Amino acid sequence: MYKPIILLTSLLLLLGCSASSRQTPEALTGRWEGIAQIPGEKTKAIVDFNQGANGSLSATISVPDERLLSKPLINVRYETPKIHFELQTSERIIVFDGSRNGEVISGTVGGGEFSGPLSLQRTGNTPPTPYTQEEVQFRNGGVPLSGTLLIPPNKGRHPAVVLIHGSSTPSRNDFRFYGDLFVRRGIAALIYDKRAGADLSGESRVDMRDLAKDTLAAVELLKARADIDPKQIGLWGHSEGGWVAPIAAAQSKDVAYVISFSGPGVTYAEVNKYADATRLRARDFSEADISQAIEALARVDEYVRHGGNQPALQAFLDEAWRKPWASQTTLPRRVPSADEIHSWLRWRNLDLDPVSYWQQIKVPALVIFGELDDVVPAQTSAERIAEALKLAGNRDVTIKIFPKDNHTIERATDFLDTMLDWTVKRVRVSN
């Protein structure tokens, strides 16, 4: 069942920053902490208001319980005593409207089918981070990229990690939480914005091998810095990023370690079949319906690979889309065109097998999954990656499946410590 608070926190992933103010916005600056109460859920929320040199008001929100830090808000307005800000994603906008009474802000946050109270109390000035943040730019050929480098405060050349996006997490801020954890343990962390590459349909046109080259461009940036140890630069990737990481590492002698977090060990074709089946099963469709859905998807995949009778396949799809299960799957409504087969990531990378890259990885590798992942087949992926690393002769491999956890491994209390402790043991942190 959909949980509104998960929507609330996921809505923090794609936020821009703009604001206007007519009356003394500086009176609002500082840190405000409180609790968001959505039906059945409570979570801590921290909002930091800041005033720019031009008088504009901006704000960021953090939800520590949901591993989200410093996500910018949009349309921040303060017209005493009224306060307004918004959280936005591609799906919808969550709106907060409230008012300030002394050192307390209270109001309602809502979006679509849910709403609930949000109360914040001013706790003082926004505390500085215990590390340096530097905006950086780099290029992969003609593709400009930009990000933020989080740098430990101590002197010396630091180990580093490049954090690689998932398919639905394109902003540098999406993984700021993990970057913050690494830098607090003495490891510089580069978070960057994913290159734009979707067409009007929303389908990505960027090949994962090109995303891997973007990652290696980030490695080159770090290698050139005097404050980074060029022999201790690792890659961390979640979901699609856990697929891109081994592709990049297999092409470079400059990658010192690889962390794959819910990255598949099967092809894109198999991921789609698995994800469709688990989604239908969760919605109580019958096994017969699930078999029909998987067979339908397999038929489209075969057309993409080998061509065939386009009118017959379209008639088949028209019939399939009359079934209740179709709207819950990745089955296309129409036969992919020649241009789409050539350009969409889904079809271009249909049979791109990550195992062929894992077979080339000889540096330390940490591969982690949640047992109940509904996107990636965790057990099959773990087994295939383990066998690939064995064939590579890799002697430093840790593969862990967290029981009863999901694609983002939200429940395991030892997940973050496992990841950080593993990394710290394989680098030299400056004192």
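Please read these numbers as outputs of a predicted model, since none were measured by experiment.

Chemist: Pulling in residues and values, what's your account of the overall build of the chain?
Modeler: When helices and strands are counted, the chain shows twelve helices and 18 strands. Over its C-alpha trace the chain gives a radius of gyration of 23 Å, about what one expects of a compact globule, namely 22 Å for 431 residues. Across its three principal directions, the C-alpha atoms of the chain cover 70 × 55 × 45 Å. A buried classification covers 53% of the 431 residues belonging to the chain. Total accessible area computed for the chain in this model is approximately 19300 Å², and 49% of it derives from carbon and sulfur atoms. With 50 positive and 52 negative side-chain charges, the chain shows a separation of 4 Å between the mean positions of the two kinds.

Chemist: Now, about the nonpolar core: what can you tell me, with residues and values included?
Modeler: The biggest cluster of nonpolar side chains holds 49 residues, and the ones touching the most others in it are Phe-138, Val-162, Leu-190, Met-208, Leu-222, Leu-235 and Trp-358. Ranked by residues supplied to this core, first place goes to helix H3 (residues 208-223) with nine residues. Core analysis: the second largest hydrophobic core is formed by 29 residues, Leu-163, Tyr-178, Ile-368 and Trp-422 among them.

Chemist: Give me unusual backbone geometry: which residues, what numbers.
Modeler: Residue Pro-81 follows Thr-80 across a cis peptide bond; omega there is 0 degrees. Within the element layout of this structure, Pro-81 appears in the loop between strand E6 (74-79) and strand E7 (82-88). Backbone geometry places Ile-409, a non-glycine residue, at a positive phi of 45 degrees. As for its placement among the helices and strands, Ile-409 is situated in the loop between strand E18 (397-402) and helix H12 (415-424). Overall, the relative accessible area of 0% leaves Ile-409 in the buried class.

Chemist: Please give an account of the environment of Val-76 that cites residues and values.
Modeler: Tracing the backbone shows Val-76 in strand E6. Among the residues examined, Val-76 registers a relative accessible area of 0% and is labelled buried.

Chemist: Account for the pairing of strand E17 (residues 365-370), with residues named and values stated.
Modeler: Taking burial as the measure, the six residues of E17 include six buried ones, the bulk of the element. Examined bridge by bridge, strand E16 (residues 257-261) and E17 share four bridges and lie parallel to one another. Its bridge partner being in E17, Phe-261 is matched across the sheet by Ile-368. Direction of pairing for E17 relative to E18: parallel, over a ladder of six bridges. Looking across to E18, one finds that Gly-370 is bridged to Phe-402. Remark: the E17/helix H11 (residues 378-391)/E18 crossover connection has right-handed handedness.

Chemist: Which residues make up the side chain of Glu-86, and what are the values?
Modeler: Structurally, Glu-86 is set in strand E7. Although Glu-86 is buried, it forms no salt bridge, and the closest oppositely charged side chain is Arg-77 at an N-O distance of 5.0 Å. A distance of 2.8 Å separates a polar atom in the side chain of Glu-86 from a polar atom in the side chain of His-84.

Chemist: Would you mind going over helix H7 (residues 310-320) in detail, with residue names and values included?
Modeler: For H7, the complete set of buried residues consists of Leu-313, Gln-314, Leu-317 and Ala-320. Taken end-on, H7 shows its buried residues confined to a sector of 120 degrees, consistent with a single buried face. In this fold, the buried residues of H7 make contact with helix H6 (287-306). Among the residues of H7, the N-terminal cap falls to Asn-309, whose side-chain oxygen and the backbone nitrogen of Ala-312 are separated by 3.0 Å.

Chemist: Run through the packing of helix H5 (residues 268-282) against H6, naming residues and quoting values.
Modeler: In a packed pair of helices, the relevant descriptors are the angle between the two axes and the axis-to-axis distance. Interhelical geometry of H5 versus H6 gives an angle of 160 degrees and a closest axis separation of 10 Å. Our classification of the angle between H5 and H6 gives roughly antiparallel. Crossing hand, H5 versus H6: right-handed. From H5, Ala-269, Asn-272, Lys-273, Asp-276, Ala-277, Leu-280 and Arg-281 reach across to H6, where they touch Glu-287, Ile-290, Ala-293, Ile-294, Leu-297, Ala-298, Asp-301 and Arg-305. For the contact of H5 with H6, the residue count by class is eight nonpolar, one polar and six charged.

Cut-offs used in this document
Residues numbered from 1 in each chain as written. Predicted model: local features only at pLDDT ≥ 70, side-chain atom pairs only at ≥ 80, totals over all residues. Heavy atoms only, no water. Helix = DSSP H or I, 4+ residues; strand = E, 2+ residues; numbered from the N terminus. Rg over C-alpha atoms; globule rule 2.2 N^0.38 Å. Buried < 20%, exposed > 50% of the residue type's maximum accessible area, 1.4 Å probe, protein only. Areas by Shrake-Rupley, 256 points an atom, 1.4 Å probe, with all protein chains shown as cover. Lys, Arg positive; Asp, Glu negative; His and termini not counted. Charge placed at Lys NZ, Arg CZ, Asp CG, Glu CD. Core = buried A, V, L, I, M, F, W, Y, C linked by side-chain atoms within 4.5 Å. Pairing = 2+ DSSP bridges. Right-handed = clockwise from strand over helix to strand, strands pointing away. Salt bridge = Lys/Arg side-chain N within 4 Å of Asp/Glu carboxyl O. Polar contact = N/O pair within 3.5 Å; in protein donor to acceptor, adjacent residues only side chain to side chain. Arc of directions from axis to C-beta. Contact = heavy atoms within 4.5 Å. Axes fitted to C-alpha atoms, helices over the stretch in contact; angles between N-to-C directions. Parallel < 35°, antiparallel > 145°, perpendicular 65-115°, else oblique. Left-handed = near helix turned anticlockwise from the far one by under 90°. Nonpolar A, V, L, I, M, F, W, Y, C, P; charged D, E, K, R; others polar.

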